[in-house]
Amino acid sequence: MEVMENSFLNWSEKISSDSNAVNLLGITSQHLRIQRHFTPAITSMTNRIRYYTLLAYYWEYLKEEISSKDYEKIFILTCLAHHDGENKNPELKHVFNNTKFVKTWENKDNFELSSFDINGYAPNYYKRQLEILRCAWTDELRIPKFSPLNKMLADSMGDFPISFFKKKNFSKIELKEMGDKGFCICSLKNNSDEIDIMSKLFFGFFTKIDNEWVMDIEEYDKFKNGHLNISFEVNNEFYSDVENIRELNLRRRNTLFLFLKIIEKVKPDEKRDFDFRRCIWDAIYFAQNRYDHSPINFKGLEEIRRYWEFFQLNIYFVYAMEKFLDIVQKIVALNSGIEKTEILSILDEFKFYNELEDLLEVKFNSNSLISELIKVINNINHSNKTSLDSKINESFIFDNLYNATSIECKLVNILVILLLLYKRSELIEHRILNYNYHDQDDRLESLSMKAIFNFIKDNGEEINIMGFLKDLCRNIINKHLYEVARRLSIGTKNWIFLEEDNRLYFERKSYVGFGPQDNRWLRIRNLLKDLQFIEFSGNEVNLTDKGEIWLRRIE
């Protein structure tokens, strides 16, 4: 399909409005690695502890009897039957495919597995995680391996008749009875064995003894007596599987304790997920309570906090880059066929400089240099390092950018947050910078944080504000087009706009939305609630007695 009637760009086609658009600048993987490396066994889709146990049970007893998809179908039906088909029940909120029978549940008494299909989420999103927890995995010869940990976890679910899972047709009555016996997502809260096992696995209390992966009773006893050493080293060179797993366990353990510490000190609101995340961000980035700006002493968890502080810096950076891409997409959508070099020509420069003056209370013009802007921000804050009490800080500017409506206001806040992040990066320890920088491209066109901050450092005394934004805009456009071509070469369509004869044409039916790319904290919240470390009390998230006891043991 042609982009427009007079276009010769016939090799593309319009993207459906509901098609997935992810990492459109190709920069998230190199900037958000801490999220992956420090929360192993937790992904953006691992929302409930029961799914780990569910899959362990399948591999232990059912892998040769039925398909994993049919097994998950039975689980979904059981959960729905156990809660009378109320898919909006809070217990079922994170049960995958729980809306399959919204319109037909009341009219059906029997369910044939072959009559409906599901995505089959559980194996996709939990198989790799149980491998990290060393319950079940595939060895170098692709032979399935199962440890005593897997059997222990599987058996914690209870004893169910294998014949039930071999059936192809189920009545509501027998499904409900199966739920009563414990084969439902809600059964976890009454299953102390399952909670105990998964708590120990999540906090890394397992090891390899006599060539078998088992619970590490010795280390757990040290922990119970308050003698656990939580120090860790970020080392990518592992000489054995045991060393690798231990390092992953230590990163995750420290991160989970960090989360508990924040919950204890901040007691964030759980009603709005976005506000909840902001509380976590500010506690990590500024070591302060978002509500009253009081400082948080992380004690032995300060080491892990510093890594997550740098991760949050990356979150802000990626968000700024993608919001710049958002500006470009909206300009192109309204001006289809616009020349690449003219994207910012529609900018009202007078309004832009007025927005900058309103924010910083200092006048700027077309001759103002980037270095001058940095000095003004530092003078306003009286420090290179911001806090929640600083007049111009990253959290405040993020809010401005998130809520901005005009292109000019968005660009001002993108520019200011980039300069704040640049100055903060200078204060990050080299070993933490190197951990994230070691595979980043130094060229500006890569859009890596390393490249952009080096560009500011080397050119800030010479390049003016608008010149910097135009350079950045050009590189954002080219980076997206490069990512388009790279993905198209492997058969994936993931574009917002395309180029023909140096002109850009919008290629979607609706705008792509851009949000911050952190996707672990809400999952950690759900999982730790399942494990009874935290609870929702009124509108607050608080530590339970268990959470308090575990946190005190490492302080």
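Anything mentioned here points back to the structure above.
Quick caveat: nothing in here was measured; it's all calculated off a predicted structure. (Residues numbered from 1 in each chain as written. Predicted model: local features only at pLDDT ≥ 70, side-chain atom pairs only at ≥ 80, totals over all residues. Heavy atoms only, no water.)

Caption draft 1: Structural view of the packing of helix 12 (residues 273–286) against helix 21 (residues 521–530). At a closest axis distance of 10 Å, the pairing of helix 12 and helix 21 adopts a crossing angle of 100°. When the axis of helix 12 is compared with that of helix 21, the two are roughly perpendicular. For the pair formed by helix 12 and helix 21, the contact residues are Asp273, Phe276, Arg277, Ile280, Trp281 and Ile284 on the first element and Trp521, Leu522 and Arg525 on the second. (Axes fitted to C-alpha atoms, helices over the stretch in contact; angles between N-to-C directions. Helix = DSSP H or I, 4+ residues; strand = E, 2+ residues; numbered from the N terminus. Parallel < 35°, antiparallel > 145°, perpendicular 65-115°, else oblique. Contact = heavy atoms within 4.5 Å.)

Caption draft 2: Molecular detail of the side chain of arginine 278. Among the secondary structure elements, arginine 278 is positioned in helix 12. Contacts of arginine 278, omitting those with residues within four sequence positions, involve Arg290, Ser395, Phe398 and Asp399.

Caption draft 3: Up close: the packing of aromatic side chains. Going through the model one piece at a time under the given rule, you end up with 59 aromatic pairs. Their ring planes at 40° and their centres at 5.0 Å tell us that tyrosine 51 and phenylalanine 96 sit as a pair that is tilted. Residue tyrosine 51 is found in helix 3 (residues 50–62), and its partner phenylalanine 96 is found in the loop between helix 4 (68–82) and strand 1 (110–112); the two are separated by 45 residues along the sequence. For tyrosine 51, a relative accessible area of 0% gives the class buried. Take phenylalanine 96: its relative accessible area is 8%, and that puts it in the buried class. Seen in terms of ring centroids, tyrosine 71 and phenylalanine 183 are 5.9 Å apart; in terms of plane orientation they differ by 55°. Their pairing is tilted. You can see tyrosine 71 sitting in helix 4 and its partner phenylalanine 183 sitting in the loop between helix 8 (172–180) and helix 9 (192–202), a full 112 residues away along the chain. If you follow lysine 167 out to its NZ or CZ, it ends over the ring of phenylalanine 170, 5.5 Å from the centre. Directly above the ring of phenylalanine 533 sits lysine 546, whose terminal nitrogen or CZ lies 4.3 Å from the centroid. (Phe/Tyr/Trp six-rings, centres within 6.5 Å; stacked < 30°, edge-to-face > 60°. Buried < 20%, exposed > 50% of the residue type's maximum accessible area, 1.4 Å probe, protein only. Lys NZ or Arg CZ within 6 Å of the ring centre and 35° of its normal.)

Caption draft 4: Up close: helix 12. In this model, helix 12 (14 residues) spans 20 Å end to end at C-alpha, consistent with the 20 Å of a helix rising 1.5 Å per residue. Within helix 12, twelve of the 14 residues are buried, which leaves it mostly tucked inside the rest of the structure. In the core, the buried residues of helix 12 are packed alongside helix 11 (241–266), helix 13 (302–334), helix 16 (394–403), helix 17 (407–425), helix 21 and strand 11 (540–543). Positive backbone phi, at 55°, marks alanine 287, one or two positions downstream of helix 12. (Expected span 1.5 Å × (residues − 1).)

Caption draft 5: Inspection of the sheet that holds strand 9 (residues 503–506) at higher detail. With respect to topology, three strands assemble into an open sheet ordered 7-9-8, the strand pairing being antiparallel. With one partner strand each, in any of the chains shown, strand 7 (338–339) and strand 8 (497–500) form the two edges of the open sheet. Looking at chain direction, strand 8 and strand 9 are connected through four bridges and run antiparallel. Among the inter-strand pairings, leucine 498 is bridged to a residue of strand 9, identified as tyrosine 505. Lying over the sheet, helix 13 contacts strand 7, strand 8 and strand 9, oriented at roughly 90° with respect to strand 9. Where helix 20 (residues 465–489) meets the sheet, its contacts fall on strand 8 and strand 9, and the angle it forms with strand 8 comes to roughly 95°. (Pairing = 2+ DSSP bridges.)

Caption draft 6: Summary view of the nonpolar core. Core analysis: the biggest nonpolar cluster contains 189 residues, and Phe165 and Phe202 have the highest contact counts within it. Per-element tally for this core: the top contributor is helix 13, with 19 residues. The contact partners of phenylalanine 202, leaving out residues within four places of it in the chain, are Ala41, Ile42, Ile49, Tyr52, Leu133, Arg252, Leu256, Leu527 and Leu531. (Core = buried A, V, L, I, M, F, W, Y, C linked by side-chain atoms within 4.5 Å.)

Caption draft 7: Broad picture of the packing of helix 3 against helix 5 (residues 121–132). Put simply, helix 3 and helix 5 touch, their axes get as near as 9 Å, and they point 85° apart. If you check the angle between helix 3 and helix 5, you find them roughly perpendicular. Residues Tyr51, Tyr52, Leu55, Ala56 and Trp59 of helix 3 pack against Ala122, Pro123, Tyr126, Lys127, Gln129 and Leu130 of helix 5. Here the residues of the contact of helix 3 with helix 5 are counted per class, giving nine nonpolar, one polar and one charged. (Nonpolar A, V, L, I, M, F, W, Y, C, P; charged D, E, K, R; others polar.)

Caption draft 8: The pairing of strand 11, seen in detail. With four bridges connecting them, strand 10 (residues 534–537) and strand 11 associate as antiparallel partners. Counterpart to glutamate 535 in the pairing with strand 11 is asparagine 542. What sits between strand 10 and strand 11 in their antiparallel hairpin is a turn of two residues, with glycine 538 showing a positive phi close to 65°.

Caption draft 9: The side chain of asparagine 254, seen in detail. Structurally, asparagine 254 can be placed in helix 11. Within the local environment of asparagine 254, its side chain forms a polar contact with the backbone oxygen of isoleucine 230, the two atoms lying 2.9 Å apart. Setting aside anything within four residues of it in sequence, one finds asparagine 254 in contact with Ile230, Phe232, Leu301 and Ile304. (Polar contact = N/O pair within 3.5 Å; in protein donor to acceptor, adjacent residues only side chain to side chain.)

Caption draft 10: Molecular detail of the environment of phenylalanine 232. Topologically, phenylalanine 232 is positioned in the loop between helix 10 (217–224) and helix 11. The spacing of phenylalanine 232 and isoleucine 346 is 114 residues in sequence and 51 Å in space, taken between C-alpha atoms. Once residues within four sequence positions are removed from consideration, phenylalanine 232 is found in contact with Phe38, Leu250, Asn254, Glu303, Ile304 and Tyr307.

Caption draft 11: Quick peek at helix 9. With respect to burial, helix 9 is a largely interior element, eight of its eleven residues being buried. All of the buried residues along helix 9 are Glu194, Ile195, Ile197, Met198, Ser199, Lys200, Leu201 and Phe202. One or two steps after helix 9, the chain reaches glycine 204, where phi turns positive at roughly 80°.

Caption draft 12: How the structure looks around the layout of surface pockets. Estimated volume of the largest pocket: approximately 580 Å³. Around the largest pocket, the lining is made up of 29 residues, and of these Arg36, His37, Pro40, Thr43 and Arg520 lie nearest the centre. Of all elements in the fold, only helix 1 (28–31), helix 2 (33–37), helix 5 and helix 11 reach the threshold of two or more residues within the lining of the largest pocket. Split by residue class, the lining of the largest pocket holds ten nonpolar, twelve polar and seven charged. The computed volume of the second largest pocket comes to approximately 440 Å³. Lining of the second largest pocket is provided by 17 residues; of these, Arg48, Pro90, Lys529, Asp530 and Phe536 occupy positions nearest its centre. Per element, the largest residue contribution to the lining of the second largest pocket is four residues, and it comes from helix 21. When its residues are assigned to classes, the lining of the second largest pocket shows five nonpolar, three polar and nine charged. (1 Å grid on protein atoms, 1.4 Å probe; cavity = no way out; pocket = protein on both sides within 12 Å on 5 of 7 lines; lining within 4 Å. Points joined across faces, edges and corners; volume = space filled by probe spheres on them.)

Caption draft 13: Summary view of the pattern of salt bridges. This structure, assessed with the given rule, holds 51 salt bridges. Put simply, Glu302, Glu303, Arg305, Arg306, Glu309, Arg424, Glu429 and Arg431 are held in one network by salt bridges that share partners. (Salt bridge = Lys/Arg side-chain N within 4 Å of Asp/Glu carboxyl O.)

Caption draft 14: Examining the environment of asparagine 98 more closely. By the secondary structure assignment, asparagine 98 is in the loop between helix 4 and strand 1. In this structure asparagine 98 comes out as buried when scored by relative accessible area, which is 11%. For asparagine 98, the contacting residues outside a window of four places in its chain are Leu80, Asn87, Leu92 and Lys93. A polar side-chain atom of asparagine 98 sits 3.5 Å from the main-chain carbonyl oxygen of asparagine 87.

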